[in-house]
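# Notes for the structure review
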Amino acid sequence: VTYDVDMHTDAAKANGGWSLEMIDTNNPCQDLGNWTSCNNDIGGTPGQENSVKAAFPDETIPDLYRAAYTNPGIRLEFSELLDPNFPLEADLFSIDNGVEIIDAVYNPDNLSEVFLTLSGPLESNTLYNVSVDNVRDCAGNVVGLLNSARVGDPIRQINSGDIIINEFLPVPNTS
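A brief report on the enclosed structure follows.

Parameters and conventions
Residues numbered from 1 in each chain as written. Predicted model: local features only at pLDDT ≥ 70, side-chain atom pairs only at ≥ 80, totals over all residues. Heavy atoms only, no water. Helix = DSSP H or I, 4+ residues; strand = E, 2+ residues; numbered from the N terminus. Rg over C-alpha atoms; globule rule 2.2 N^0.38 Å. Buried < 20%, exposed > 50% of the residue type's maximum accessible area, 1.4 Å probe, protein only. Contact = heavy atoms within 4.5 Å. Areas by Shrake-Rupley, 256 points an atom, 1.4 Å probe, with all protein chains shown as cover. Lys, Arg positive; Asp, Glu negative; His and termini not counted. Charge placed at Lys NZ, Arg CZ, Asp CG, Glu CD.

### Describing the overall build of the chain
Secondary structure summary: the chain contains zero helices and nine strands in total. The C-alpha radius of gyration computed for the chain amounts to 21 Å, which surpasses the reference 16 Å derived for 175 residues by more than 25%, pointing to a less compact arrangement than a globule. Principal-axis analysis of the C-alpha atoms places the extent of the chain at approximately 65 × 40 × 25 Å. In the chain, buried positions account for 34% of the 175 residues. Put simply, of all contacts in the chain between residues at least 6 apart along the chain, 56% involve residues at least 24 apart. With the model as given, the accessible surface of the chain reaches about 11100 Å², and the carbon-plus-sulfur share is 50%. Side chains of the chain carry 7 positive and 27 negative charges; the gap between the two charge centres is 2 Å.

So, in structure tokens, the structure goes:
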């Protein structure tokens, strides 16, 4: 897990001296929401059961919320971490217009992403629908109704004088 000071539920404990503890050790894929500040007066419970132990089941189904074309494949982003022990197979995914998927792999650095390798490039200026079926999160919840996204390869030729917007950045917090 990557530490984030916002994981502390008590702002005073975020200043130091208090351990973060996993709420439900049987559900390690809950990510940041499954961590909180230790309730023990000494600030931690090394060698003991976590002071914040409770059931925190994952009842949320993962959704496919974004697809991006990254020739020679498509990167799919899901709403939560997927189960890296669940075997991915190309036939769990489909793309319309006769595009063949030859491989599907998890992003080892971000388990909410899957990369699909295609048999060839997508046609420019064509929108495709990519769908997923039966992929699971760490708790075994299967992808729900939000199981498809649109993806495409934009016009590749850029002419002199064209304005291309390829990134939007939020206004930085200056406080």
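There is more to say, and it comes next.
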